Amino acid sequence: MLAVVGSQTQLHARLASRSIRCAQFCLSILEEVAVVDAPSLERLFLWRNFSQRRRRVSKFSTILKIAHAPKLLILGYLEPGVHMLQIGNTIIKAGTKASTRTTVSSVQMLALHLQFEVYDQVKMLPSFLRCFPSIETLIVESEETLEPSSNLGLKFWKDTIPIDCVKSHLKILYLREMQGTKNEFDFLMFIAENAQKLEKMFIVLKNVLSYTSREAVAAKLNALDSANWASGSSKTLFKFSRAHGGGSAWNLKTGSDFSCPDPFCCV
């Protein structure tokens, strides 16, 4: 096990170990994580890290490189449009097509932080998902943004090239800390109409919405029932977050507990 928490020095991590099974980087100044050769690595976590790059010209905060990790099952939290993802020698960009050189087929659980109102982040989401074609559980934590909102519209998702993991493997989707925006609903509709193997869609609403906002969001969520569900019928379950004001839960002990199938504390 490897855990780095609260490092205030600029960190470049290079994982080249035949025995490491779990690596966690939390609340640290994290410039780069390079998984060079980690044949036993099963879990890799990046949580609430920040980078000196935020003060520079580059818009990326952390670079994640995955070269050799054939047993990697659980990965998170990635931030599309913020993290730079490199698979092998290929830097993943919006529109990158899936191939054996740009995918990590072992990953079955993926967690993301995403600002649905930021176009650069949402447009990277399909490319990130294509990198992990065997995802069965997808966790997306919706984040607030102070930037001007960008309404992509459902057409953005309808025009998206088919995503293998969504179409053929995704069984469980968690959308946590939902704000109630149109972009979030468009994403949920895309999942509903394309995920043929979907068993459950868990939606956790942020616990700061007013009563009127809650009613409006609940009405929109009920409208999902009329979607053309690829899996046959509505699988939606929703509740309000237990954390007042929202926020991402994390626990180092749970992250390295291999008997726990849900290290992202979704339930």
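So, here's what we can say about the structure. Everything numeric in this text was worked out from a predicted model, so none of it was measured.

Each helix and strand counted, the chain has 7 helices and 14 strands in total. Looking at the 267 residues of the chain, the share that counts as buried comes to 54%. By sequence separation, contacts in the chain at least 24 residues apart represent 68% of the contacts at least 6 residues apart. Only carbon and sulfur atoms are counted for the fraction: they give 51% of the accessible area of the chain, which is about 12300 Å².

Before going further, it helps to examine the nonpolar core. Nonpolar side chains in soluble globular proteins tend to be buried together. Formed by 66 residues in total, the largest nonpolar core has its most connected members in Phe25, Leu44, Leu129, Phe132, Leu138, Ile191 and Met201. The dominant element in this core, judged by the number of residues it contributes, is helix α5 (residues 182–194), at 7 residues. Sequence-distant contacts of leucine 129, that is, excluding residues within four places in its chain, are made with Leu110, Leu112, Ile135, Leu138, Ile163, Cys165 and Val166. Residues Cys22, Phe45, Ala111 and Ile139 belong to the second largest nonpolar core, which totals 12 residues.

Nonpolar side chains collect at one region of the surface, where Val5, Leu27 and Leu252 lie side by side and expose about 220 Å² of accessible area between them. As for its position among the elements, valine 5 is in strand β1 (residues 2–5).

Right, let's get into unusual backbone geometry. In terms of backbone geometry, most residues other than glycine have negative phi values and most peptide bonds are trans. Glycine 76 connects to tyrosine 77 through a cis peptide bond whose omega is -10°. Mapped onto the elements of the fold, tyrosine 77 is located in strand β7 (residues 74–78). A positive phi angle, close to 55°, is found at leucine 27, a residue other than glycine. Among the structural elements, leucine 27 can be located in the loop between β3 (22–26) and β4 (30–37). The phi angle at glutamate 177 is positive, at roughly 55°, despite the residue not being glycine.

Let's shift gears to the sheet that holds strand β6 (residues 63–66). Read across the sheet, 5 strands follow the order β2-β4-β6-β8-β9 without closing on themselves; strand pairing throughout is mixed. Each of the sheet's edge strands pairs with one partner strand only, and the pair in question is β2 (11–16) and β9 (90–91). Note: strand β8 (residues 84–87) against β9, 2 bridges, orientation antiparallel. Bridging across to β9, glutamine 86 finds its partner in isoleucine 91.

The 9 strands are arranged β1-β3-β5-β7-β10-β11-β12-β13-β14 in an open sheet whose pairing can be described as parallel. Two strands in the sheet have a free side with no partner beyond their single neighbour: β1 and β14 (236–240). Strand-to-strand twist of the sheet, defined as the mean angle between neighbouring strand axes without regard to direction, takes the value 10°. Helix-sheet contacts for α5 involve β11 (137–142), β12 (172–178) and β13 (200–205), and the interaxial angle to β12 is about 170°.

Moving on to the pairing of strand β5 (residues 43–47). On a regular strand, one side chain projects to one face of the sheet and the next to the other, so that they alternate. Among the 5 residues that make up β5, 5 are buried, leaving the element largely enclosed by the rest of the structure. Side chains Arg43, Phe45 and Trp47 of β5 all project onto a buried face; the interleaved residues Leu44 and Leu46 project onto the opposite face, where all are buried too. Bridge count between β3 and β5: 5 bridges; the pairing is parallel. When the sheet's bridge partners are listed, cysteine 22 is paired in β5 with arginine 43. Inspection of the sheet shows β5 paired to β7 by 3 bridges, in the parallel sense. Note that in β7 the partner of leucine 44 across the bridge is leucine 75.

Turning to the packing of aromatic side chains, a few remarks are in order. The full count for this structure, using the stated rule, is 7 aromatic pairs. Taking the centre distance of 5.7 Å and the plane angle of 50° together, the rings of phenylalanine 116 and phenylalanine 187 count as tilted. Taken as a pair, phenylalanine 116 in the loop between β10 (109–114) and α1 (119–122) and phenylalanine 187 in helix α5 lie far apart in primary sequence, 71 residues in all. Both residues of the pair, phenylalanine 116 and phenylalanine 187, belong to the buried class. Aromatic ring contacts, followed pair by pair, group Phe116, Phe156, Trp157, Phe187 and Phe190 into a single cluster. One residue, arginine 21, lies across the ring of phenylalanine 258, its end atom 3.8 Å from the ring centre.

What counts and how
- Residues numbered from 1 in each chain as written.
- Predicted model: local features only at pLDDT ≥ 70, side-chain atom pairs only at ≥ 80, totals over all residues.
- Heavy atoms only, no water.
- Helix = DSSP H or I, 4+ residues; strand = E, 2+ residues; numbered from the N terminus.
- Buried < 20%, exposed > 50% of the residue type's maximum accessible area, 1.4 Å probe, protein only.
- Contact = heavy atoms within 4.5 Å.
- Areas by Shrake-Rupley, 256 points an atom, 1.4 Å probe, with all protein chains shown as cover.
- Core = buried A, V, L, I, M, F, W, Y, C linked by side-chain atoms within 4.5 Å.
- Patch = residues over 30% accessible without salt bridge, like charges linked within 9 Å, V, L, I, M, F, W, Y side chains within 5 Å.
- Salt bridge = Lys/Arg side-chain N within 4 Å of Asp/Glu carboxyl O.
- Pairing = 2+ DSSP bridges.
- Axes fitted to C-alpha atoms, helices over the stretch in contact; angles between N-to-C directions.
- Phe/Tyr/Trp six-rings, centres within 6.5 Å; stacked < 30°, edge-to-face > 60°.
- Lys NZ or Arg CZ within 6 Å of the ring centre and 35° of its normal.

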